[in-house]
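What follows is the residue order along each chain.
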Amino acid sequence: MLVAHRSGAAARDVRTATDAADATWLDLYNPTEDEIALAAQITGLTIPRRDDLDEIESSSRLFMKDDSVYLSTPLVRRREDDFTVTPVGFVLAPHILVTVRFADYSSFATAAARLAEGKERISGDEVAVLLLEAVVDRLADILEHMGTTLDSLSRDVFGVPAPQRANAANRLRRLLRRVGRSGDLASALRDSLLGLERISIYISENKKHDLSPKLMARLKTIGRDIASLNDFVAQTMNKVQFLLDATLGFISIDQNDGMKLLTVVSFVGVAPTLIAGIYGMNFKVMPELNWHYGYAYALGLITVSAVLPMIWFWRRGWFGAT
Amino acid sequence: MLVAHRSGAAARDVRTATDAADATWLDLYNPTEDEIALAAQITGLTIPRRDDLDEIESSSRLFMKDDSVYLSTPLVRRREDDFTVTPVGFVLAPHILVTVRFADYSSFATAAARLAEGKERISGDEVAVLLLEAVVDRLADILEHMGTTLDSLSRDVFGVPAPQRANAANRLRRLLRRVGRSGDLASALRDSLLGLERISIYISENKKHDLSPKLMARLKTIGRDIASLNDFVAQTMNKVQFLLDATLGFISIDQNDGMKLLTVVSFVGVAPTLIAGIYGMNFKVMPELNWHYGYAYALGLITVSAVLPMIWFWRRGWFGAT
Amino acid sequence: MLVAHRSGAAARDVRTATDAADATWLDLYNPTEDEIALAAQITGLTIPRRDDLDEIESSSRLFMKDDSVYLSTPLVRRREDDFTVTPVGFVLAPHILVTVRFADYSSFATAAARLAEGKERISGDEVAVLLLEAVVDRLADILEHMGTTLDSLSRDVFGVPAPQRANAANRLRRLLRRVGRSGDLASALRDSLLGLERISIYISENKKHDLSPKLMARLKTIGRDIASLNDFVAQTMNKVQFLLDATLGFISIDQNDGMKLLTVVSFVGVAPTLIAGIYGMNFKVMPELNWHYGYAYALGLITVSAVLPMIWFWRRGWFGAT
Amino acid sequence: MLVAHRSGAAARDVRTATDAADATWLDLYNPTEDEIALAAQITGLTIPRRDDLDEIESSSRLFMKDDSVYLSTPLVRRREDDFTVTPVGFVLAPHILVTVRFADYSSFATAAARLAEGKERISGDEVAVLLLEAVVDRLADILEHMGTTLDSLSRDVFGVPAPQRANAANRLRRLLRRVGRSGDLASALRDSLLGLERISIYISENKKHDLSPKLMARLKTIGRDIASLNDFVAQTMNKVQFLLDATLGFISIDQNDGMKLLTVVSFVGVAPTLIAGIYGMNFKVMPELNWHYGYAYALGLITVSAVLPMIWFWRRGWFGAT
Amino acid sequence: MLVAHRSGAAARDVRTATDAADATWLDLYNPTEDEIALAAQITGLTIPRRDDLDEIESSSRLFMKDDSVYLSTPLVRRREDDFTVTPVGFVLAPHILVTVRFADYSSFATAAARLAEGKERISGDEVAVLLLEAVVDRLADILEHMGTTLDSLSRDVFGVPAPQRANAANRLRRLLRRVGRSGDLASALRDSLLGLERISIYISENKKHDLSPKLMARLKTIGRDIASLNDFVAQTMNKVQFLLDATLGFISIDQNDGMKLLTVVSFVGVAPTLIAGIYGMNFKVMPELNWHYGYAYALGLITVSAVLPMIWFWRRGWFGAT
Ligand SMILES: [Mg+2]
Ligand SMILES: [Mg+2]
Ligand SMILES: [Mg+2]
Ligand SMILES: [Mg+2]
Ligand SMILES: [Mg+2]
Ligand SMILES: [Mg+2]
Ligand SMILES: [Mg+2]
Ligand SMILES: [Mg+2]
Ligand SMILES: [Mg+2]
Ligand SMILES: [Mg+2]
Ligand SMILES: [Mg+2]
Ligand SMILES: [Mg+2]
Ligand SMILES: [Mg+2]
Ligand SMILES: [Mg+2]
Ligand SMILES: [Mg+2]
Ligand SMILES: [Mg+2]
Ligand SMILES: [Mg+2]
Ligand SMILES: [Mg+2]
Ligand SMILES: [Mg+2]
Ligand SMILES: [Mg+2]
Ligand SMILES: [Mg+2]
Ligand SMILES: [Mg+2]
Ligand SMILES: [Mg+2]
Ligand SMILES: [Mg+2]
Ligand SMILES: [Mg+2]
Ligand SMILES: [Mg+2]
Ligand SMILES: [Mg+2]
Ligand SMILES: [Mg+2]
Ligand SMILES: [Mg+2]
Ligand SMILES: [Mg+2]
Ligand SMILES: [Mg+2]
């Protein structure tokens, strides 16, 4: 999809060069080869492809070519409990901003809406700053939501589970998966923030003379916001790590309970079974077998041999755990 | 609730604008829409809402609007063994301090009491500093209390438990929950301290020309106190992590004991049961069955087959552990 | 193998000194003693041996001798799922570049191809920069590939395994091996990056006056790329560590499931076996044995004694886990 | 206890103000209310109480009041295998040093002895430096001793235990307790060192103009010593953490051994018991029961069914582990 | 042992002062009281004793007395798979170097050999630098060897063990011991490097005016080498930590296998044993007992009850793991 945005006007799908006349922002979303060619023809720029945007070394992520700044970063997109990370490319030409992306970021929609509502015509540079602001805002929202998620996860990990819990092991397994997903998301957010930080620094340094003081100030604010989000994500990762360790601890305790029940059962079963086996032996001479109350005596012996170890375990506190 | 404070006078509930006449501090606690509107009308300021205060990026937490400084931070409130974290908002206008909060912090009561006791009229800025001092003082108290809690937790983790302990697994589970709660509290304190640190820096930088040297010095002391508390909380988190790892270790050992008892029981039970089973077979020709002392012989065999492995385990030190 | 490279010409195997006439780059790959002697004779330089290149202190890795710069670093070579680390040596003489290596790096082939395609004659220094660029590019590719591998590993660790899975324990063991290999590779990449970073710094500092501003700029870009890759590898190692911890967690849960099944089986089996044993005792007087429906009664008792604990476990959620 | 020290004279218990005449150092140890009042009267200073000294924020630990410097820090006292941490307070008045403490530190005795032996009269400031030197010296000794303890602990953790070891689980539990105590002590030492570091910095900064260059140099040496001890304690904590992880590993292996023995026993016992059970069935027609060598045949079958799995396990190396 | 070294001459055992005439280096190895007294008399210096060298605070490890520099550090000595750490003392007097040591370091032999081979007379300072170079060189060799050890350890941890492995638990226990020893050695190397770093800095700072520019340059190179070795040892410790965690993972998996086999055995054994027990009951009326093929029917029932759970487990992939 190739869409042209301009100040104070609705976005327009671009099928021919004329559709993009006067545009300050060309946005390519999952572009086809034709769309890439069309954008290149309209702008006279090299449009980066998916492969170019997947590069990780800074010279491939941030560089100048002719008068244009080429930038890319991985960017998280979260929806409900799911998230994906795909690269986003920006080309900051003197007359236009071109973006290339592979996910349906809500921040791009927000920026487009703000641009469409705007009264006066703004430059491509200002659109880029507007877009970065929207992206950072959105990442902050994801992080806030993640903080809430972790609080609830923490309550689930350290809280006392309901006694009728359908399945304890599955509960722990689910907890561990949630912790894992949180760790993955935190790590993806850090990657996105790092990429955005480099982008905002690169723009400040390389477009110093082109940008108005007001835009420079907005870029500086973006940088400070990213720094504060970085702190937040670092603390989030520590919390995830702590929850991971604690979850492992509860798994161990759960296992401990199972082990103890097993031990009690095995212990309690051994003597009664042996006694029954003994009085099932076929020796000619076994006086007890002829006692009148021999059977009752054996049942009593069996009961006592089962109850005694139970009392022993009960006094050691091995009951009530499970 | 909307309360007005002024130097040397008791706090007063604000129901109309006149109740707030001459106030240097307006405090909104769990404010209703009406109270927010009233406070806005009285002060001419935008009163931040819960949603605004939950934002995490620095540009939403710390900013100037007109002549007023808007500040927010998450803040821990502890009572007994429980704690909550809610955001607190400050608006530092030239003529008044406005605070918005959602928990019953004892530090706010302390600051209010000090203000009420004060002889000479003090400015909103000075009230803000007074309040920050009270908050930092209170966080220090929580941390001191936490240090004591961790010492006692450490004694419980590494101490020898009483032998009649009702339930070992439950004891470990409780220990793990206490460690977890401590970790959560430490992490919440760090968030609060980080927020307060940014607030004190932001005020110093943006009100440099408005504040007297004496207030600036008090702000600097607040900054140093926060730094020392940060060190303390970092060491606390290391202790919590260490206790977590050690608790996991004792869980493993406890499990080890259970496992060994189980092994001994299974080992000891196998041979006697088998012997009884053998002499319970129905073969026509089984010489022992006809021996006069065959039964006694079998009982002896059973006893020996049980005692021998017991001795073997006893010499390997598998007894006495549980 | 001893190969001579020159601008705009194909590489040539060197068997006598004349084969190397006019060469700007002499490349020794797994060199024999004869090849080392020949290279020394051609260049008038001391050619480093494997032992020299295995040294780790910086004075052995980076030094000047006469007018030449001697450099070495460990370098990763990855092919499919496998990787090796061997040292690479560079001698930057005024008139020629000599390299010594023990693995078939694709980056060396890339640099050789670029040199062969070049139109104008370039200096040994420029070849060295070209080679470093190719090496850093290749390391970036390995890291990108590793990022993808970790994403898929993360999906395998946290994903729900197919129910018909051939062998859960083997699955976990394979996961752990993959995590381990990733950790080893990450650590090898860090070593390579550290070595390359030192090399690029050492060249910048010691050949400052020999290198053109353009080459200096390219070296600076190499340095920035290495820094960005270092960040990437650090994040990668954190991910590996996190996956390791999580894998250990799933191993524990898997074990927990096994333990619970075992406990259920042992528990359920004890009473029925004991009942059968009791009615197998040979007491003269055992009324039930003579009941007409005694056998049915016993079978019923056995069934009930097996079903009751099953219900108990079922209600505690111990079924369905495995 | 309230004791007065002066240069070249024995310490004297202070019961009235005259007992303290000419003293350069007043030392309060577990002071009663009366002793505090007496010290306050003698010196004209505010004597800090236990509660004041337990504060943790820097403005409560380090401050000037009138011309006196008030300082406090937690300080470790070790005796044999035990240690405690209590706060120590210092008041550095122009004419006298006052200390308040709640433990019987050997460093205080050392400093008192040195003072008593001194020929020429020295100032309260110099006594403070003398005392800090003695305290740092003593902490260094504790750390040296701890290094030795950790070496021996490491040998116990990684060494091969004697085969006749009374009780393996108890051995591991004791190891874990020793590791835990070491971790606690290391962490207490870090707290003490941090407090002393702040004290020495605070004195240098706030008494710059009162102290002779020689005393300033001695303070600087104290600062460097603390820095070196901080490095040492950091490495110690890493060692403790490593020993903790390794101990957990040996606990797991120990458990593994138990598990394998249990598995072998259960496996080996199943078939023989079943065979004996089968020949104990009461079917009318069971040909083997009438064989002349049926009993011998059954015993042989039982033996083979026990030995075969044993061989199988033996070949898999499951024996010899315990 | 007390040995005198001088340039261009063989080392000589010192029994009287004349044996040491003209010496530039006096080396005390496990010195007796007499040797210490003799060295003190020859040099006019205070010779440090073992107790002095065991001190850890910097003021005891590095100080000037009269014109001499006193230095000490712990130093690793490795031989085969074993290592020890003992302190080494250096006294750098204007006219002579004195060393005190308690282990047979190969680096000391190397330095002595170089000195003996030297043509022109060199100063005690230069001998000290020569010795430091030899020591750092040797530590680098130990680290290189350790890198190789860790690679092989990594292969053993992550590699597939031979199926006929004598004893899996013992294999893991041995792995854990090797990991532990590596961690201990890495930590000892770090201590040695830290000590040497401080020594080289202390000499540079305190003998600035005595040392020739060439010696100063050699000291600077030593410092850079130590820095690079510090990086190496840090990475080594991370690898050890990672191997430790991974080894714990394989221990868990091994245990998991044992647990599953145990569960299968218990599960499979329960039903057959119960069936045999049921047909061993002595009820008067048990129709099956009188069936002609009752025995065969029972054996069939037993077989089916054993095979069914086996199929169930086989389909869940619980076989083949061990
Ligand atoms: Mg963490
Ligand atoms: Mg962590
Ligand atoms: Mg961590
Ligand atoms: Mg952690
Ligand atoms: Mg951790
Ligand atoms: Mg820690
Ligand atoms: Mg930690
Ligand atoms: Mg830790
Ligand atoms: Mg940690
Ligand atoms: Mg851990
Ligand atoms: Mg850990
Ligand atoms: Mg990590
Ligand atoms: Mg970890
Ligand atoms: Mg980690
Ligand atoms: Mg980690
Ligand atoms: Mg880690
Ligand atoms: Mg981690
Ligand atoms: Mg961990
Ligand atoms: Mg550590
Ligand atoms: Mg560690
Ligand atoms: Mg740890
Ligand atoms: Mg640690
Ligand atoms: Mg650690
Ligand atoms: Mg660790
Ligand atoms: Mg590590
Ligand atoms: Mg680690
Ligand atoms: Mg670690
Ligand atoms: Mg570590
Ligand atoms: Mg690690
Ligand atoms: Mg660890
Ligand atoms: Mg770990």
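Remember, predicted model here, so these are calculated numbers, not experimental data.

(A) Representation of the interface of chain A and chain C within the structure. Listed by partner, the interface residues are 57 residues for chain A and 59 residues for chain C. Here chain A meets chain C over a buried area of about 4,900 Å², counting both sides, of which 59% is carbon and sulfur. Ranking the residues of chain A by area buried against chain C places A:Ile56, A:Arg177 and A:Tyr295 at the top, with a combined share of 15%. Put simply, chain A and chain C have three salt bridges between them.

(B) Looking closely at the relation of the copies chain A and chain C. Between chain A and chain C, the superposition needs a rotation of 72° and an axial shift of 0.0 Å, giving an RMSD of 0.0 Å. Here the two chains are linked by the operation of a five-fold rotation axis. Minimal C-alpha separation from the rotation axis in chain A is found for A:Gly280, amounting to 4.7 Å. In this assembly, only 16% of the residues forming the interface of chain A have copies in chain C that are likewise at the interface, indicating a heterologous arrangement.

(C) Focus on the sheet that holds strand S1 (residues 2-5) of chain B. Residue and element names in this part refer to chain B. Strand order in the open sheet formed by seven strands is S2-S1-S3-S7-S6-S5-S4, with mixed pairing between adjacent strands. Strands with a single pairing partner mark the edges of an open sheet, and in this sheet they are strand S2 (12-13) and strand S4 (62-65). With five bridges connecting them, strand S3 (residues 25-29) and strand S7 (residues 97-101) associate as parallel partners. Residue pairing across strands places Tyr 29 opposite Arg 101, the latter belonging to S7. Relative to the sheet, helix H1 (residues 33-43) contacts S1, S3 and S7, its axis offset from that of S3 by approximately 165°.

(D) View of the pattern of salt bridges. All names here are of chain B. By the definition in use, this model includes 65 salt bridges over all chains. Here Lys 207 makes a salt bridge to Asp 125, at a shortest N to O gap of 3.2 Å. Of this pair, Lys 207 sits in the loop between helix H6 (168-206) and helix H7 (213-278) while Asp 125 sits in helix H5 (residues 124-158); the two residues are 82 residues apart in sequence, bridging distant segments of the chain. For Lys 207, a relative accessible area of 4% gives the class buried.

(E) Focus on the relation of the copies chain D and chain B. Expressed as a screw operation, the relation of chain D to chain B combines 0.0 Å of axial shift with a rotation of 72°, fitting to an RMSD of 0.1 Å. The share of interface residues of chain D whose copies in chain B are also at the interface is only 16%, consistent with the copies meeting through different surfaces.

(F) Structural view of the packing of aromatic side chains. Here the structure, examined in full by the defined rule, presents 56 aromatic pairs over all chains. Ring geometry for E:Phe267 against E:Phe313: centres 5.1 Å apart, planes inclined by 85°, an arrangement best described as edge-to-face. Residue E:Phe267 is located in helix H7 (residues 213-278), and its partner E:Phe313 is located in helix H9 (residues 294-315); the two are separated by 46 residues in the primary sequence. When its relative accessible area of 0% is taken as the criterion, E:Phe313 is described as buried. Clustering of aromatic rings is evident, with ring pairs tying together C:Tyr279, C:Trp291, C:Tyr295, C:Tyr297 and E:Phe283. A cation sits over an aromatic face here: A:Arg50 above A:Phe102, 4.8 Å from the ring centre. One cation-aromatic arrangement involves A:Arg101 over A:Tyr29; the distance from NZ or CZ to the ring centre is 4.8 Å.

(G) Examining the interface of chain D and chain B more closely. Contacts between the two partners involve 57 residues from chain D, matched on the other side by 59 residues from chain B. Roughly 4,900 Å² is buried in total at the junction of chain D and chain B, and carbon and sulfur atoms are behind 59% of that figure. Three residues stand out in chain D for area buried against chain B, namely D:Ile56, D:Arg177 and D:Tyr295, and they jointly supply 15% of the buried area on that side. One can count three salt bridges joining chain D with chain B.

(H) Region of interest: the environment of D:Val136. Residue and element names in this part refer to chain D. Here Val 136 is to be found in helix H5 (residues 124-158). For the pair Val 136 and Asp 225, spaced 89 residues apart in the sequence, the C-alpha separation amounts to 7.5 Å. Among all residues touching Val 136, those that are not within four sequence positions of it are Leu 196, Ile 222, Asp 225, Ile 226 and Leu 229.

(I) Quick peek at the arrangement of the chains. A minimum C-alpha distance of 9 Å separates chain A and chain D, which share no contact. One finds no contact linking chain A with chain E; the least C-alpha distance across the pair is 9 Å.

(J) Looking closely at the domain arrangement of chain A. Annotation of chain A at the domain level lists domain 1 (2-254) and domain 2 (257-316). The straight-line distance from the C-alpha centre of domain 1 of chain A to that of domain 2 of chain A is 69 Å.

(K) Fine view of the nonpolar core. In terms of nonpolar packing, the biggest core is built from 229 residues, with A:Trp25, A:Leu189, C:Trp25, C:Leu189, E:Trp25 and E:Leu189 touching the most fellow members. The residues contacting C:Leu189, other than those within four sequence positions of it, are C:Val76, C:Leu139, C:Ile142, C:Leu143, C:Met146 and C:Val233. B:Ile278, C:Ile278, C:Ile302 and E:Met281 belong to the second-largest nonpolar core, a separate cluster that totals 60 residues.

(L) Region of interest: the UniProt feature "transmembrane region" (unreviewed entry) in chain A. Residues and elements named next belong to chain A. Feature annotation in UniProt assigns "transmembrane region" (unreviewed entry) to the following positions: residues 261-281 and 293-314. Helix makes up 86% of residues 261-281 and strand 0%, whereas the separation of the span's terminal C-alpha atoms amounts to 31 Å. The span residues 293-314 is 95% helix and 0% strand, and its two end C-alpha atoms sit 31 Å from each other.

(M) The arrangement of the sheet that holds strand S6 (residues 82-92) of chain A in detail. Residue and element names in this part refer to chain A. Strand order in the open sheet made by the seven strands is S2-S1-S3-S7-S6-S5-S4, with mixed pairing throughout. The sheet is open, and its two edges are formed by strand S2 (12-13) and strand S4 (62-65), each paired on a single side. With two bridges connecting them, strand S1 (residues 2-5) and S2 associate as antiparallel partners. Within S2, the position partnered with Val 3 by the bridge is Asp 13. Packing of helix H4 (residues 106-117) onto the sheet brings it into contact with S1, strand S3 (25-29), S6 and strand S7 (97-101), and relative to S3 it is tilted by some 155°. Relative to the sheet, helix H5 (residues 124-158) contacts S3, strand S5 (68-79), S6 and S7, its axis offset from that of S5 by approximately 25°.

(N) Main features of the environment of D:Pro272. Position of D:Pro272 among the secondary structure elements: in helix H7 (residues 213-278). Residue classification places D:Pro272 among the buried positions, given a relative accessible area of 1%. Between the C-alpha atoms of D:Pro272 and D:Ala134, which are 138 residues apart in sequence, the distance is 74 Å. Ignoring any residue separated from it by four or fewer positions in sequence, one finds D:Pro272 in contact with B:Leu274, D:Ile302, D:Ser305 and D:Ala306.

(O) Representation of the pairing of strand S3 (residues 25-29) of chain C in the model. Residues and elements named next belong to chain C. Of all five residues that make up S3, four are buried, and the element is covered over most of its length. As judged from the four bridges shared by strand S1 (residues 2-6) and S3, these two strands associate in the antiparallel manner. Considered in S3, the bridge of Ala 4 is made with Leu 26.

(P) Looking closely at the pairing of strand S5 (residues 68-79) of chain E. All names here are of chain E. Taken across its 12 residues, S5 has 11 buried, putting it largely inside the fold. By the bridge criterion, four bridges tie strand S4 (residues 62-65) to S5 in an arrangement that is antiparallel. Within S5, the residue paired with Leu 62 across the bridge is Leu 71. Linkage of S5 to strand S6 (residues 82-92), two consecutive antiparallel strands, is achieved through a turn of two residues, within which Glu 80 is found at a positive phi near 50°.

(Q) The arrangement of the side chain of A:Thr86 in detail. Residue and element names in this part refer to chain A. With respect to the helices, strands and loops of the structure, Thr 86 is situated in strand S6. Polar side-chain contacts of Thr 86 include one of 2.9 Å to the side chain of Tyr 105. Once residues lying within four places of it in the same chain are set aside, the contact partners of Thr 86 are Arg 50, Thr 73, Pro 74, Leu 75, Phe 102, Ala 103 and Tyr 105.

(R) Geometry of a nonpolar patch on the surface. A surface patch of nonpolar side chains, amounting to about 330 Å² of accessible area, comprises A:Val304, A:Val307, A:Leu308 and A:Ile311. Following the sequence through the fold, A:Val307 ends up in helix H9 (residues 294-315).

(S) Seen up close, the packing of helix H4 (residues 106-117) of chain B against H5(B). Residue and element names in this part refer to chain B. At a minimum axis distance of 8 Å, the contact between H4 and H5 shows a crossing angle of 135°. What the angle tells us is that H4 and H5 run oblique. With respect to the hand of their crossing, H4 and H5 are arranged in right-handed fashion. Contacts between H4 and H5 involve Ser 106, Ser 107, Phe 108, Thr 110, Ala 111, Arg 114 and Leu 115 from the first element and Val 127, Leu 130, Leu 131, Ala 134, Val 135 and Arg 138 from the second. Taken together, the residues that form the contact of H4 with H5 break down as eight nonpolar, three polar and two charged.

Reading guide: rules and limits
Residues numbered from 1 in each chain as written. Chains lettered and ligands numbered in written order. Predicted model: local features only at pLDDT ≥ 70, side-chain atom pairs only at ≥ 80, totals over all residues. Heavy atoms only, no water. Contact = heavy atoms within 4.5 Å. Buried area = accessible area lost by both parts, 1.4 Å probe. Salt bridge = Lys/Arg side-chain N within 4 Å of Asp/Glu carboxyl O. Least-squares fit on C-alpha atoms with pLDDT ≥ 70 in both. Pairing = 2+ DSSP bridges. Helix = DSSP H or I, 4+ residues; strand = E, 2+ residues; numbered from the N terminus. Axes fitted to C-alpha atoms, helices over the stretch in contact; angles between N-to-C directions. Buried < 20%, exposed > 50% of the residue type's maximum accessible area, 1.4 Å probe, protein only. Phe/Tyr/Trp six-rings, centres within 6.5 Å; stacked < 30°, edge-to-face > 60°. Lys NZ or Arg CZ within 6 Å of the ring centre and 35° of its normal. Domains from an automatic or database assignment. Core = buried A, V, L, I, M, F, W, Y, C linked by side-chain atoms within 4.5 Å. UniProt positions renumbered as here; feature names shortened; annotations may be inferred. Polar contact = N/O pair within 3.5 Å; in protein donor to acceptor, adjacent residues only side chain to side chain. Patch = residues over 30% accessible without salt bridge, like charges linked within 9 Å, V, L, I, M, F, W, Y side chains within 5 Å. Areas by Shrake-Rupley, 256 points an atom, 1.4 Å probe, with all protein chains shown as cover. Parallel < 35°, antiparallel > 145°, perpendicular 65-115°, else oblique. Left-handed = near helix turned anticlockwise from the far one by under 90°. Nonpolar A, V, L, I, M, F, W, Y, C, P; charged D, E, K, R; others polar.

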